[in-house]
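If you want the building blocks of each chain, they are given just below.
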Amino acid sequence: MKTKILVLLALFIGIGAVLHIIAPPILFGMKPDIMLPMMFVGILLFPKFEYVLLLSFSTGIISALTTTAPGGQISNLVDKPLTALIFFGLLYVIPKALDEKIKAPILVAIGTAVSGSIFLIMALYVVGLLPGSFAPMFLGVVLPAMLFNVIFTIILYPILQTIMKRSQVSMA
């Protein structure tokens, strides 16, 4: 593992943590997980298994520490590694010929939906909420978060790609 890349990933996690803390709640005190697009961008920029594991566990721990959602601690610890591995797998399934400007938002949308679903299912079992509350929570929290994460990635990812090219940080 390269120290430069680890420092950049730590910066992504730190920026995501700050944004996660200051994000306003949407529904029942649940906030959109802004650490998620930072994790996704880290995976997109540095698609190596070791980095994905380190990034996912770090993001899961910090999300668990900063969450305000009931049952969110355990849910984040399970959700982030699973979502990161699914996202990483999808990164290699989607054709390389597809433009990065299209591939990144599609992957982020799918990743956010997967993350939100895992998080809600875990939270429903941990907290014991009513089984019928998944759909309203998904519509009220996950879909707006998905929209935000896609827009955030569309803006941020090309900027970070340009910075990486200019600073000559090797991508892998």
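Coordinates for the structure precede this section.
Description of the structure in this document. (Residues numbered from 1 in each chain as written. Predicted model: local features only at pLDDT ≥ 70, side-chain atom pairs only at ≥ 80, totals over all residues. Heavy atoms only, no water.)

**Concerning the environment of Ile-86**
In step 1: Along the chain, Ile-86 turns up in helix α4 (residues 72-93).
In step 2: For Ile-86, a relative accessible area of 39% puts it in the partly exposed group.
In step 3: Taking the C-alpha atoms as reference points, Ile-86 and Val-114, separated by 28 residues in sequence, lie 8.3 Å from one another. (Helix = DSSP H or I, 4+ residues; strand = E, 2+ residues; numbered from the N terminus. Buried < 20%, exposed > 50% of the residue type's maximum accessible area, 1.4 Å probe, protein only.)

**Some remarks on the packing of helix α3 (residues 49-66) against α4**
In step 1: In the contact formed by α3 and α4, the axes pass within 8 Å of each other and the chain directions differ by 155°. The angle between the axes of α3 and α4 places the two elements in the roughly antiparallel class. In terms of crossing hand, the pair formed by α3 and α4 is right-handed. Here Phe-49, Val-52, Leu-53, Ser-56, Phe-57, Thr-59, Gly-60, Ile-61, Ser-63 and Ala-64 of α3 lie close against α4, whose contacting residues are Gln-73, Asn-76, Leu-77, Lys-80, Pro-81, Ala-84, Leu-85 and Phe-88. (Axes fitted to C-alpha atoms, helices over the stretch in contact; angles between N-to-C directions. Parallel < 35°, antiparallel > 145°, perpendicular 65-115°, else oblique. Left-handed = near helix turned anticlockwise from the far one by under 90°. Contact = heavy atoms within 4.5 Å.)

**Some words on the pattern of salt bridges**
Working definition: two side chains of opposite charge can pair if their charged atoms are close together.
In step 1: Inspection of the entire model under this criterion finds 4 salt bridges.
In step 2: With its nearest N and O atoms 2.4 Å apart, the salt bridge here joins Lys-80 to Asp-33. Placement of the pair is Lys-80 in helix α4 and Asp-33 in the loop between α1 (3-22) and α2 (35-45), with a sequence separation of 47 residues.
In step 3: With a relative accessible area of 13%, Asp-33 lands in the buried category.
In step 4: When the shortest N-O distance is used, the salt bridge between Asp-79 and Lys-80 registers 2.9 Å. Comparing Asp-79 with Lys-80, the two get one shared label, buried. (Salt bridge = Lys/Arg side-chain N within 4 Å of Asp/Glu carboxyl O.)

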